[in-house]
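# Observations on the model geometry
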Amino acid sequence: AQSVTQPDIHITVSEGASLELRCNYSYGATPYLFWYVQSPGQGLQLLLKYFSGDTLVQGIKGFEAEFKRSQSSFNLRKPSVHWSDAAEYFCAVGPLGNTDKLIFGTGTRLQVFP
Amino acid sequence: EPEVTQTPSHQVTQMGQEVILRCVPISNHLYFYWYRQILGQKVEFLVSFYNNEISEKSEIFDDQFSVERPDGSNFTLKIRSTKLEDSAMYFCASTRTPRRRGNEKLFFGSGTQLSVL
């Protein structure tokens, strides 16, 4: 069955430090891949997405993610974290086959220290 | 950017009571979705809705759940007799076209936190 794994439940970084959030997926073909962010009191906001082509995708707020087929990964990165990046980050895949739904990971909570 | 609006932001109810969670999708969107997230678990798909009928539903979406678009703007999720395990954050989402096309952006609301006591 298709699945998404985010191994890190909680990550803490200092402001200005680099960030990498991990995401691994399980799917027979190349899926559509997404990263969403949820700030407190806000909805899920799309950061970036990968469908095909260049495996390094740029998103909003200075985020990027790299699709690595050999590792079934789609890790999210940011070179310098800002305090406002503190939020919950979700990796997702979909739609898959004939279904319309997204499959999400459990999320990674990012805490940023000044 | 256009927004999906959900009300209320928090709902507390007694076990066995009916609740209705409300959503106002983006005005020109035609496909509507409910997802939920139980604390500490994954965001899970519940149901998709198009043209006044359910397009797809998950195993979670049993007979206790129903969805409705009662007018041209609202999209509701009803839980007939709530259980403790229904406590979760419920997210509404909408798109202009079906997501099977892959490149359609899914807009989410900020969620309703449902607590069943």
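These remarks concern the structure in this document. (Residues numbered from 1 in each chain as written. Chains lettered and ligands numbered in written order. Predicted model: local features only at pLDDT ≥ 70, side-chain atom pairs only at ≥ 80, totals over all residues. Heavy atoms only, no water.)

Following the criterion strictly, the structure yields 20 aromatic pairs over all chains and no others. Seen in terms of ring centroids, A:Tyr50 and A:Phe67 are 4.7 Å apart; in terms of plane orientation they differ by 25 degrees. Their pairing is stacked. Taken together, the residues span a long stretch of sequence, with A:Tyr50 in strand β6 (residues 44-50) and A:Phe67 in strand β8 (residues 64-68) at a distance of 17 residues. Under the relative-accessibility criterion, A:Tyr50 is labelled buried at 4%. Taking relative accessible area as the criterion, A:Phe67 reaches 4% and is therefore assigned buried. Between B:Tyr35 and B:Phe45, the ring centres sit 5.5 Å apart and the planes meet at 75 degrees, which makes this aromatic pair edge-to-face. With B:Tyr35 in strand β4 (residues 31-37) and B:Phe45 in strand β5 (residues 43-50), this residue pair connects regions lying 10 residues apart in the sequence. In this structure, B:Tyr35 and B:Phe45 share a single accessibility class: buried. Of the aromatic side chains, those joined through ring pairs into one cluster are A:Tyr32, A:Phe34, A:Tyr36, A:Phe51, A:Phe90, A:Phe104, B:Tyr35, B:Phe45, B:Phe91 and B:Phe108. (Phe/Tyr/Trp six-rings, centres within 6.5 Å; stacked < 30°, edge-to-face > 60°. Helix = DSSP H or I, 4+ residues; strand = E, 2+ residues; numbered from the N terminus. Buried < 20%, exposed > 50% of the residue type's maximum accessible area, 1.4 Å probe, protein only.)

Further remarks concern the sheet that holds strand β7 (residues 65-68) of chain B. All names here are of chain B. What the four strands build is an open sheet, ordered β1-β3-β8-β7; its pairing is antiparallel. The open sheet has two edge strands, β1 (5-7) and β7, and neither has a second partner. Averaged over neighbouring strand pairs, the angle between their axes works out to 20 degrees when direction is ignored. Examined bridge by bridge, strand β3 (residues 19-24) and strand β8 (residues 75-79) share five bridges and lie antiparallel to one another. Of the residues in β8, the one forming a bridge with Ile20 is Lys78. (Pairing = 2+ DSSP bridges. Axes fitted to C-alpha atoms, helices over the stretch in contact; angles between N-to-C directions.)

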